[in-house]
Amino acid sequence: MSKTPLARAVALATLGASLTLPSLAQADFIGDSKATLELRNFYMNRDLRDTTAAQQSKREEWAQGFILKAESGFTEGTVGFGLDAYAGLGLNLDSSDERAGTGLLPNAFGNEGPDEYSELSGAVKARISKTVGKVGGLMPKLPIVTSGDSRLLPQVFTGGMITSQEIDGLTLNGGQLREVNQRASTDRVDITATNVGGESDRYNFAGGDYKFNGGNTTVGVWYGELEDIYDQKLYNLIHVQPIGDWKLGANLAYFDSQDNGRKLGGKLDNDLTSVNLWAGIGAHTFRVGYQKVGGDNAFPFLTETDPYIVNYIQILDFTRKDEKSWQARYDVNFASYGIPGLTAFVRYVTGDGFDGVGGASGKEWERDVDISYIIQQGPLKNLGVRWRNAMVRSNASIGDLDENRLIVSYTIPLM
């Protein structure tokens, strides 16, 4: 018999609690374990301003997510073993055929979809010295591939990866991803990419970064291959420099992408330059970003992942062929003014140089306002509220739109 949504939510919490009594009762296995249950309530409204009577005029949905993440420690011995687990449940609180398609739920315009969806994955892991290998469900957070988590439930890949930190300051990573469960889906499917066609059952990656200069400087080199579609090299430099009360920083990234193997996505030749400069003092941080797309194609990246580029923001990514874009951003942390947990930023990005609709000279811009508050203590500690507002004006295919997201999240430590 299938479980009700409430029963599924209770089952998630029960699963997390049960991890405190594993059969492999070793001190490190238990003592280093941790588990959390996040309750994520998500409202999203996207006003599609450039529509006709026959098209969808807005996307508006409200959903509740339950996200359980658990990580064990490792058993004792030269080779230690452990387990990681993830379970997610999404509930449709409000939607309709006419307003579907926000990406919160597995649906599309004209089909509201199911009342609920759920997913479950796990990974086995092994550790030798300072090297850890994992096989199973993965949510990588690497410059060359970062699992997306900007909707109700996170994106989960299936594959294997190794992380090694045997040398001080040097972190090496490598692995292969075979399938992906997208953010609003329960199916594991082959891997695809944005801005290029085709699908593949192998994404191979390798690389690492080295920190030096007292940790103020980091250099990274990465390689990713979506087999038979494209391969990509990434060179990265990060530097942070304190000067008096100021902290200055720079993040420079350069991508070089080419078609690969059987060229299932067609011929590809692309390079992208991303520059992020910032200066912070006290509660205030000022940022300037620049992004340039070169070559014969738009910039390719794995579908629904978060590419390591400065102008990938709330709605737009400014990765069209020949597009150049600039960003100005201001952040403020109100802890300095006696309100710890309250942060905000405003951001404006403008891009041009690409081909717009009908062959027009392409221009687009996005303005974002983002305000977050997380309760720091008391019975509601870790309860967070976030409002994200965006406005887009573009003469490309996306057109003009306005968007609001309201996210209320509560993270409960289970162990």
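Everything numeric in this text was worked out from a predicted model, so none of it was measured. (Residues numbered from 1 in each chain as written. Predicted model: local features only at pLDDT ≥ 70, side-chain atom pairs only at ≥ 80, totals over all residues. Heavy atoms only, no water.)

Peer 1: Explain the overall build of the protein to me, using residue names and the numbers behind them.
Peer 2: When you go through the protein residue by residue, the secondary structure sums to 2 helices and 24 strands. At 22 Å, the protein has a C-alpha radius of gyration in line with the 22 Å of a compact globule built from 415 residues. With the principal axes as the frame, the protein shows a C-alpha extent of 65 × 55 × 50 Å. Put simply, the protein has 415 residues, and 43% of those count as buried. The long-range fraction of contacts in the protein, counting pairs at least 24 apart against all pairs at least 6 apart in sequence, stands at 60%. Roughly 19,600 Å² of accessible area belongs to the protein as shown, and the carbon and sulfur atoms make up 56% of that amount. Looking at charge distribution, the protein has the averaged site of its 40 positive side-chain charges lying 3 Å from that of its 51 negative ones. (Helix = DSSP H or I, 4+ residues; strand = E, 2+ residues; numbered from the N terminus. Rg over C-alpha atoms; globule rule 2.2 N^0.38 Å. Buried < 20%, exposed > 50% of the residue type's maximum accessible area, 1.4 Å probe, protein only. Contact = heavy atoms within 4.5 Å. Areas by Shrake-Rupley, 256 points an atom, 1.4 Å probe, with all protein chains shown as cover. Lys, Arg positive; Asp, Glu negative; His and termini not counted. Charge placed at Lys NZ, Arg CZ, Asp CG, Glu CD.)

Peer 1: Describe the sheet that holds strand S19 (residues 301-302), and please don't skip the residues or the numbers.
Peer 2: With respect to topology, 3 strands assemble into an open sheet ordered S12-S11-S19, the strand pairing being antiparallel. Two strands lie at the open edges of the sheet, namely strand S12 (196-200) and S19, each paired on one side alone. Here strand S11 (residues 191-194) pairs with S19 via 2 bridges, running antiparallel. For Thr194, the partnering residue across the bridge sits in S19 and is Phe301. (Pairing = 2+ DSSP bridges.)

Peer 1: Tell me what's going on with the pairing of strand S2 (residues 58-71), and back it up with residues and numbers.
Peer 2: Note that strand S1 (residues 34-48) and S2 share 14 bridges and pair antiparallel. Residue Asp47 lies in a different strand from S2, and its bridge partner there is Lys58.

Peer 1: Go over the confidence of the model for the protein with me, naming the residues and quoting the values.
Peer 2: When pLDDT is averaged across the protein, the result is 93; 93% of the residues are at 70 or more. Confidence drops under a pLDDT of 50 for residues 13-27, and excluding neighbours within four residues, the segment shows 21 contacts in the predicted structure. (pLDDT = per-residue confidence, 0-100.)

Peer 1: Quick rundown of the pattern of salt bridges? Include the residues and the values.
Peer 2: The full count for this structure, using the stated rule, is 21 salt bridges. Between Asp402 and Arg49 there is a salt bridge; the shortest N-O distance is 3.3 Å. Within this pair, whereas Asp402 is found in strand S24 (residues 401-413), its partner Arg49 is found in the loop between S1 and S2, the two being separated by 353 residues in sequence. Notably, a salt bridge pairs Arg287 with Asp331, separated by 3.2 Å at the nearest N-O pair. Here the residue Arg287 occupies a position in strand S18 (residues 284-295), and Asp331 occupies one in strand S20 (residues 324-333), the gap between them amounting to 44 residues. When its relative accessible area of 24% is taken as the criterion, Arg287 is described as partly exposed. Residue Asp331 is classed as buried on the basis of its relative accessible area of 12%. (Salt bridge = Lys/Arg side-chain N within 4 Å of Asp/Glu carboxyl O.)

Peer 1: How would you summarise the nonpolar core if you had to cite specific residues and measurements?
Peer 2: Counting 27 residues, the largest nonpolar core has Tyr203 and Tyr230 as the members making the most contacts within it. Of all the secondary structure elements, the ones that give two or more residues to this core are strand S8 (156-164), strand S9 (170-181), S11, strand S13 (203-212), strand S14 (217-226), strand S15 (230-243), strand S16 (246-259) and S19. If you look at the next biggest cluster of nonpolar residues, it comprises 12 residues, including Ile67, Tyr117, Leu152 and Val156. (Core = buried A, V, L, I, M, F, W, Y, C linked by side-chain atoms within 4.5 Å.)

Peer 1: Describe unusual backbone geometry, naming the residues involved and giving the relevant values.
Peer 2: For Phe318, which is not glycine, the phi torsion reads 55 degrees and is therefore positive. With a phi angle near 70 degrees, Asp322 is a residue other than glycine that sits in the positive phi range. Mapped onto the fold, Asp322 is located in the loop between S19 and S20.

Peer 1: I'd like a description of a nonpolar patch on the surface, backed by residues and values.
Peer 2: Judged by side-chain polarity, Tyr210, Phe212, Val219, Leu237, Leu252, Leu277, Val288 and Trp326 come together as a nonpolar surface patch covering roughly 670 Å² of accessible area. Its place among the elements puts Leu237 in strand S15. (Patch = residues over 30% accessible without salt bridge, like charges linked within 9 Å, V, L, I, M, F, W, Y side chains within 5 Å.)

Peer 1: Give me the packing of aromatic side chains: which residues, what numbers.
Peer 2: Tallying each qualifying case throughout the model produces 9 aromatic pairs. Aromatic pair Phe301 and Tyr312: ring centres 6.0 Å apart, planes at 80 degrees, arrangement edge-to-face. Placement of Phe301 in strand S19 and of Tyr312 in the loop between S19 and S20 is noted, with a sequence separation of 11 residues between them. Take Tyr312: its relative accessible area is 25%, and that puts it in the partly exposed class. (Phe/Tyr/Trp six-rings, centres within 6.5 Å; stacked < 30°, edge-to-face > 60°.)

Peer 1: Quick rundown of the pairing of strand S21 (residues 342-355)? Include the residues and the values.
Peer 2: In terms of strand pairing, S20 meets S21 through 10 bridges, oriented antiparallel. When the bridges of S21 are listed, Val332 appears paired with Ala344. Connecting S21 to the antiparallel partner strand S22 (residues 361-374) that follows it, the hairpin turn spans 5 residues, and Gly358 within it adopts a positive phi of roughly 70 degrees.

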